[in-house]
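Chain by chain, the residues run as shown.
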Amino acid sequence: MTAHVAPIALDFDEGIDRKTLRRLRDRFLAVNQQRWERARSALTYRQQIVLEVLPLVFHTNHPSLPGYQDADCPYGLCHYQPAPSTLNAARRLARTFSVRDEGRRRPDLDALFLMGSPGTLGHSVASDLDLWLCHRQDLPERGLRSLERKAERLSEWAASLGVELHVFVFCAQDWRAGRQRAEVTGENCGSAQHYLLLDEFYRTGIHLAGQVPMWWLVPAEQEGRYDDCRRQLVECRFVRGDEYIDFGPVPAIPQEEFLGAGVWQLYKGIDAPWKSILKLLLLECYAQTGDQPLLSSVFKQAVYRGVTDVDALDPYLLLYNRLEDWLSTPETAARLDLVRRSLYLKAGLPLTRAESAPEQWRVRLLKQLVTRWGWGEQTLAELDNRQRWRAEEVTSLRRAIVTELTHSYRLLSRMAREHGTRAAISANDINLLGRKLYAAFQRKAGKIEQINPNLAPSLEEENLAFHHQSEQGRDGNGWLLYRDLEDPADAFWQPVIRRSGNLTELMVWCYCNGLLSRATRLNVRAGTTVASVSELREMLEALTGFLPFPLVPAERGALARAMVPLRHLLLVNVGVDPQASLTDKGLHKLSARHDSLGFSGGRENLVLTIDQITFNSWHEVSLQHYAAGDTLVQCLKNVLASVAGNPAALPGIQVHGHNRGHGSAIARRVEELFTDVLRQFFAGGQGPHPIRYVIEMDRRYFLLQFSGAEPGFVVLDSLAELMEHLALPQERYLPVVFDRYAIPEDPALRAVCQASEPDSIQVFYQLRGERARLWVVDELGSLSAWEQPVVDRRYLMSPLLRFLENLVERRTLRRGDLPDLVSGVRCLEVVNRDGRWLTEPRPDQPAAPALPGLEVQAVGVQEGGRRVRFDIFCGDQEFTVQEYGDQLIPAVAHYIRSLRQSAERYPVYLTDVHLPHDLDPQVYQQDIQTSQYLHYRSVLERALNQALHRES
């Protein structure tokens, strides 16, 4: 550095004088003025008015100036007198503007500062303006709110001129006490740092109006006794206290701040890596070289020594010099190179095209650095042509950036743990930042990696070629992505952009990273698949409608909550002909059944593969490929599981299928199925509701139900197996819901299930000539069904109703002191009215005449781990297992046959069955379910009637 004026030394012990203090203050203000002019020169002529009128806007609450809120908004900056140039700028906005004489009114505002990169080498056209607006301590809350609203409106006005302005409103006393009104937002570091931010403010801040920092007047070597020096200056009246604002000293950075600041810079680094890398490495440098002065102290020492050259005092140059000294070993050469590239790209000043740049001082400084680094024209051309960077280059650079960010975070975290300190960041903030880091950087199965976090303006390709591996004589189903591949034979010589086992994953990766747009020319070499350019175009349209590009980061509110899926896009049968097997069999035209899950006479499932693309609340994109087994049910199960944790917000479902092989009809059917299932399990924004959902597909039946929050399914190969399963006992009431296309040949069964009600036993019957169908839905929804001949319609229901009434009566007597869990037995007939299947109550059925004949009862006996066996009572005659053993059923049948007067053959019905409570040796059942009684009744009646048949 070169000293331009005489050094200034302040000795608080020997004595100081007012003249020297004024000279020191003027020296800082001179440096400040040069930085202000440099900050102004970085803006366009139209934008410069923002910087010019900022102090005046807050000094006068004038309705014709930008940001005006209301007449009660606080205003007035201490000791501020607007310059003629500022007044002229204000009159460009409002010709009649004039400053009113406020007399001796006490100002509401202490000071106004610009801090950060403006006026430095690191400032670029993409940089924003951070404004510190400091109000007096006793400002009422209502006035503070009004001031914050004015700041918001001022930011909106600046944005209309292309300037990103952030105004932070606080008072210096609250700052010193650590009472910032802050939480993590897009531009606010919340609770993450205090001294680090103050260190940055002191070396980068530009004073715009009001009080100047007291910190200027305390020598760097006296930072440790800052408060004593401040009191001496004010109490001994060397300075007027109302002319200075006090943010406090920065003697050192407390260890507890490093973790919070490190996480915060990682948060920022997701979207703006160059600046964050520089700051993260400075944090690491500070942490490891605690014996060296902070950069703010270096800056102050230089001014005291007489250095007023703003080139030498440039904050980014000071930062780089510190990092270069620290990373001077061969082992850290790669990290130093990343620092240099980050500084160059942060400056945003391409030197190969810098002849016409308006800020020649930045060009000069950057050229000096590049020469010092020994960079050649090739390196500059590579960095200056970011708009031409390709995916491979961006991927490599992103890997280096993520490695550096991760290294810094882990190092700082370890240091905080080793020192046993508490991180100076709130638990909410660190959780929030951690979630954003997870969403951006964490690799996990199926997640689509975002490779371009503002590293290059665009990765869009003019031509992309998708080649199946079989095109090159390779085994497997993988795909290769090339660019500009006009001749397929050139694939052997061209580099591969990306490889994937799945065409959809390749398409989604290209789309989410901006390689693929509607303007991109596509080429497909499908190999053994049936993929085509038209199919990829349709996929691109579906992706565009599903997920607008570019992806924006998730908002704070979303990251503060658990991650949930927002919407799913299901791509069905990508690169697959679903009717290929039907064509081979000559069945593709036999379309009596149009259900895509049971198509044609062979009831073929046309959903062969599904690619599930999910966009979640943390703005992650993931892909799950289903191509083996029962793909549709597996995908459905995955979606149900993801919804169970947050049933109040059902995700959107979109389905797309290529127009090949009834693609639109298949997509429509799949979308209907998913919508129906979600609506049933999560109706009313709650759930999962206790139901059993039956889907018929591919000549089989799939029964979906939840166990807690976990969905599961059972596969049943026939209708008979399904009915057996529906009769099994349940732990709670579980009604049966059929999919809209399931069992079209049995609408009566659908009507029975739709009429099912809890806490009752419902008997349904349907007369079909000489035979009748009967269903019993018990108190927990288990469904028992059978057919029987109609011998006498008067007695059709009597045996069953008598059996059930005995069962209900016995339960009522046993539980007389408790509310009855089963309301009784209800009879309903299943009828067809004008093509609609209905269930109609038949309350007169219980009054039917009693069936003549024997009372036949069975009493179950459980013997250890053996299956239950029964003693049978025919009237007063007893037949026990002990006496008859395996011949019990024939003995009972012979006895019943001997009592019959004629040779007429008619069935025997059990009037009652008693089951032991230890029916299952592992479980004691206080209340055995009705369906279990019906099961054993059916087994015993079948055995007895078969034995009677043999007797005759």
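Reading guide: rules and limits
Along every chain, residues carry numbers that run from 1 in the direction the sequence is written. Selection of residues for local features in this predicted model requires a pLDDT of at least 70, selection of side-chain atom pairs for listing and counting requires 80 or more, and totals for whole chains, interfaces and linings are taken over all residues. Only hydrogens and water are set aside; all other atoms, that is, all heavy atoms of the structure, feed into the side-chain values. Definitions used throughout: a 1 Å grid over protein atoms alone; a cavity as a set of points that fits a 1.4 Å probe which cannot get out; a pocket as an open set with protein on both sides within 12 Å along at least five of seven lines; a lining residue as one with an atom within 4 Å of a point. Grid points are joined across faces, edges and corners, and a volume is the space filled by probe spheres set on the points. Comment: elements are numbered from the N terminus, with helices defined as DSSP H or I runs of at least four residues and strands as E runs of at least two. Under the scheme applied, nonpolar residues are Ala, Val, Leu, Ile, Met, Phe, Trp, Tyr, Cys and Pro; charged residues are Asp, Glu, Lys and Arg; polar residues are all the others, including Gly. Note on pairing: DSSP must find at least two bridges between two strands before they are called paired. What counts as an axis is a line fitted to C-alpha atoms, over the stretch in contact for a helix, and the angles between N-to-C directions run from 0 to 180 degrees. What makes two residues a contact is simply this: any of their non-hydrogen atoms within 4.5 Å. What qualifies as a polar contact is a pair of N or O atoms within 3.5 Å, subject to a donor-acceptor requirement within protein and to the restriction that residues adjacent in sequence count only when both atoms come from side chains. Among buried residues, those of type Ala, Val, Leu, Ile, Met, Phe, Trp, Tyr and Cys that are joined through side-chain atoms within 4.5 Å constitute a nonpolar core. Per-residue accessibility, obtained with a 1.4 Å probe over protein chains only, is compared with the maximum for each type, and a residue is labelled buried under 20%, exposed over 50%, and partly exposed between these values. Within a predicted model, pLDDT stands for the predictor's per-residue confidence, ranging from 0 to 100. For Phe, Tyr and Trp, rings pair up if their centres lie within 6.5 Å, where Trp contributes its six-membered ring, and each pair is then called stacked (planes under 30 degrees apart), edge-to-face (over 60) or tilted (otherwise). Note on criteria: charge over ring means Lys NZ or Arg CZ within 6 Å of the ring centre, with the direction from the centre no more than 35 degrees off the ring normal. Pairs of cysteine sulfur atoms within 2.5 Å are identified as disulfides in what follows. Exposure above 30% relative accessible area and the absence of a salt bridge qualify a residue for a patch, where like charges join within 9 Å and nonpolar side chains (Val, Leu, Ile, Met, Phe, Trp, Tyr) within 5 Å. Here the open area of atoms and residues is found with the Shrake-Rupley method and a 1.4 Å probe, where only the protein chains shown may cover a residue. Only one rule defines a salt bridge in this text: a Lys or Arg side-chain nitrogen within 4 Å of an Asp or Glu carboxyl oxygen. For this count, His and the chain ends are skipped, Lys and Arg are scored as positive, and Asp and Glu as negative. Think of each charge as sitting on NZ of Lys, CZ of Arg, CG of Asp or CD of Glu.

Attention shifts here to empty space enclosed by the protein. Across all of its chains, the model carries seven cavities of 30 Å³ or more by this definition. Empty space within the largest cavity amounts to approximately 110 Å³. For the lining of the largest cavity, the elements supplying multiple residues, two or more each, are α1 (18-41) and α6 (195-204). If you tally residues by element for the lining of the largest cavity, the top one is α1, at four residues. Lining the second largest cavity we find G116, E200, R203, T204, K275, L278, K279, P315, Y316 and L319. Taken together, the elements giving at least two residues each to the lining of the second largest cavity come down to α6, α9 (273-288) and α11 (315-326).

Another aspect to go through is the layout of surface pockets. Computed from the structure, the second largest pocket encloses a volume of approximately 1,000 Å³. In terms of lining, the second largest pocket is formed by 37 residues, of which the most central are L934, H935, S938, V939 and R942. Top contributing element to the lining of the second largest pocket by residue count: helix α28 (residues 930-951), with 12 residues. The class makeup of the residues in the lining of the second largest pocket is 21 nonpolar, nine polar and seven charged.

Looking now at the sheet that holds strand β2 (residues 129-135). Taken in spatial order, the four strands line up as β3-β2-β1-β4 in an open sheet, and their pairing is mixed. The sheet is open, and its two edges are formed by β3 (165-170) and β4 (206-210), each paired on a single side. Recorded for the sheet is a direction-independent mean angle of 20 degrees between the axes of neighbouring strands. One ladder, built from six bridges, connects strand β1 (residues 109-115) with β2; its direction is antiparallel. Looking at β2, one finds that F113 is bridged to W132. Here helix α2 (residues 48-59) sits on the sheet and contacts β1, β2, β3 and β4; the angle it forms with β1, its principal contact strand, is near 160 degrees.

Here the focus is the side chain of Q612. Tracing the sequence through the fold places Q612 in strand β12 (residues 610-616). Within polar-contact distance, the side chain of Q612 engages the side chain of T614 at 3.2 Å.

Moving on, we get to the nonpolar core. Of all hydrophobic cores here, the largest spans 144 residues; its most connected members are W132, L233, F247, L464, F466, W509 and I613. Here this core gets 10 residues from one element, more than from any other, and that element is α9. Not counting the four nearest positions on each side in its chain, W509 is found in contact with A391, I448, E449, I451, L481, I497, R498 and L515. Core analysis: the next-biggest nonpolar cluster, separate from the first, contains 43 residues, L801, V881, A893 and L934 among them.

Here we take up helix α17 (residues 503-512). Of all 10 residues that make up α17, 10 are buried, and the element is covered over most of its length. Looking at α17, one finds that the buried residues are L503, T504, E505, L506, M507, V508, W509, C510, Y511 and C512. The N-terminus of α17 is capped by N502, whose side-chain oxygen sits 3.1 Å from the backbone nitrogen of T504. Looking one or two residues beyond α17, the residue adopting positive phi is G514, at roughly 80 degrees.

Before going further, it helps to spend a moment on the confidence of the model for the protein. Mean pLDDT over the protein works out to 87, with 91% of the residues at or above the 70 mark. Low confidence marks residues 182-187, where pLDDT is under 50. Its contacts with residues over four positions away, or in another chain, come to 23 contacts.

Below, the discussion takes up the environment of S458. Residue position: S458 is located in the loop between α16 (427-441) and β7 (463-468). Residue class for S458 comes out partly exposed when judged on its relative accessible area of 31%. C-alpha of S458 to C-alpha of H568: the two residues are 110 residues apart in sequence and 26 Å apart in space. If near-sequence neighbours (up to four positions away) are discounted, S458 is found in contact with Q387 and W389.

Moving on, we come to the packing of aromatic side chains. Per the counting criterion, the structure on display carries 24 aromatic pairs. Between W132 and F201, the ring centres sit 4.3 Å apart and the planes meet at 5 degrees, which makes this aromatic pair stacked. You can see W132 sitting in strand β2 and its partner F201 sitting in helix α6, a full 69 residues away along the chain. Like W132, the residue F201 is buried in the burial classification. What links up through ring pairs into an aromatic cluster is the set F113, W132, F170, W175, F201, Y202, W215 and F247. Between K300 and the ring centre of W215, over which it is positioned, the NZ or CZ distance is 3.9 Å.

Quick look at the sheet that holds strand β20 (residues 771-777) now. Ordered in space as β21-β20-β19-β22-β23, the five strands form an open sheet in which the pairing is mixed. The open sheet is flanked by β21 (783-789) and β23 (836-841), the only strands paired with a single partner. Sheet twist, expressed as the average angle between the axes of neighbouring strands with direction ignored, equals 25 degrees.

Residue P550 is bonded to the preceding F549 through a cis peptide linkage, with omega at 0 degrees. Note that P550 resides in the loop between α18 (533-546) and α19 (556-559). Residues G687 and P688 are joined by a peptide bond in cis, for which omega reads 5 degrees. Inspection of the secondary structure puts P688 in the loop between α22 (663-681) and β15 (692-697). Phi angles above zero are rare outside glycine, and H79 is one such case at about 55 degrees. A relative accessible area of 45% means that H79 is categorised as partly exposed. Located in the positive-phi region is H619, a residue other than glycine, with phi close to 65 degrees.

All right, on to the environment of R900 then. With respect to the helices, strands and loops of the structure, R900 is situated in the loop between α27 (888-899) and β27 (912-914). Under the relative-accessibility criterion, R900 is labelled buried at 16%. When residues no more than four places from it in sequence are discounted, the contact partners of R900 are Y906, P907, V908 and L948.

A few words now on the state of the cysteines. Scanning the model with the defined rule gives zero disulfides in all. In this structure C134 is not part of a disulfide, and its nearest cysteine sulfur, from C171, lies 8.3 Å away. A relative accessible area of 0% places C134 in the buried class. As a non-bridged cysteine, C229 has C236 as the owner of its nearest cysteine sulfur, 11 Å distant. The exposure class assigned to C229 is buried, which follows from its relative accessible area of 0%.

Turning next to a positive patch on the surface. A cluster of basic residues, R18, K19, R22 and R23, forms a positive patch at the surface. Mapped onto the fold, R22 is located in helix α1. Of the residues examined, R22 reaches a relative accessible area of 51% and is grouped as exposed.

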